[in-house]
Amino acid sequence: MPVYANIDGDSGVASYEIGANFITVFFRGTARSYTYSYSSAGREHVEEMKRLAEIGDGLNSYINRFVKYRYERC
């Protein structure tokens with residue numbers, strides 16, 4: 001699982017996992033993971049989150065602004 005680069009040093013994101021139609025995000029200070037999928041958050045949001053995760057910048061802000069509570073619930 002890749003560690004989030006956190007280029008600006010101000011993110012709550014610790015690491016992430018990318019799949020074909022989802023991204024799972026692990027935040028600092030919590031053992032819980034959050035999975036955002038095409039069905040829960042929408043394809044466009046998930047693809048943008050994948051892009052931000054890979055460049056290591058802006059993911060936490062994007063989640064808070066657009067998809068905060070749109071993660072998969074078991």
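Residues numbered from 1 in each chain as written. Predicted model: local features only at pLDDT ≥ 70, side-chain atom pairs only at ≥ 80, totals over all residues. Heavy atoms only, no water.

Draft legend 1. Broad picture of the pairing of strand 3 (residues 33-37). Bridging between strand 2 (residues 22-27) and strand 3 involves five bridges; their strand directions are antiparallel. The residue of strand 3 that forms the bridge with T24 is T35. Taking the residues between adjacent antiparallel strands as the criterion, strand 2 and strand 3 are bridged by five residues, where G29 takes a positive phi near 80 degrees. (Pairing = 2+ DSSP bridges. Helix = DSSP H or I, 4+ residues; strand = E, 2+ residues; numbered from the N terminus.)

Draft legend 2. A look at unusual backbone geometry. A positive phi angle, close to 50 degrees, is found at N6, a residue other than glycine. Tracing the backbone shows N6 in the segment before strand 1 (13-19). On the basis of relative accessibility, which here comes to 13%, the residue N6 falls in the buried class. (Buried < 20%, exposed > 50% of the residue type's maximum accessible area, 1.4 Å probe, protein only.)

Draft legend 3. Representation of the pattern of salt bridges within the structure. Considering all chains together, one arrives at two salt bridges under this definition. Where E47 meets K50, a salt bridge forms, and the shortest distance between an N and an O atom there is 3.1 Å. Of this pair, E47 and K50 are both found in helix 2 (residues 43-55), three residues apart, which corresponds to roughly one turn of the helix. Judged by its relative accessible area of 31%, E47 is partly exposed. (Salt bridge = Lys/Arg side-chain N within 4 Å of Asp/Glu carboxyl O.)

Draft legend 4. Examining the side chain of K50 more closely. Classification of K50 by relative accessible area gives buried; the value is 9%. Each residue touching K50, except ones within four places of it in the same chain, is listed here: I18, G19, A20, N21, F22, I23 and Y38. (Contact = heavy atoms within 4.5 Å.)

Draft legend 5. Main features of the environment of A53. Here A53 shows up in helix 2. Using a relative accessible area of 3% as the deciding quantity, one classes A53 as buried. Counting along the chain gives 36 residues from A53 to E17, while the straight-line C-alpha distance between them is 9.0 Å. The residues touching A53, leaving out its near neighbours within four places in the chain, are Y4, Y16, I23 and L59.

Draft legend 6. Geometry of the sheet that holds strand 3. One open sheet holds the three strands; their spatial order is 1-2-3, and the pairing between them is antiparallel. The open sheet is flanked by strand 1 and strand 3, the only strands paired with a single partner. Strand after strand, the sheet turns through a mean of 20 degrees between neighbouring axes, direction not considered. Sheet contacts for helix 2: strand 1, strand 2 and strand 3; angle to strand 2, the most-contacted strand, approximately 50 degrees. The sheet strands contacting helix 3 (residues 59-67) are strand 1, strand 2 and strand 3, and the helix crosses strand 2 at an angle near 110 degrees. (Axes fitted to C-alpha atoms, helices over the stretch in contact; angles between N-to-C directions.)

On their own, these measurements won't tell you what the molecule is for.
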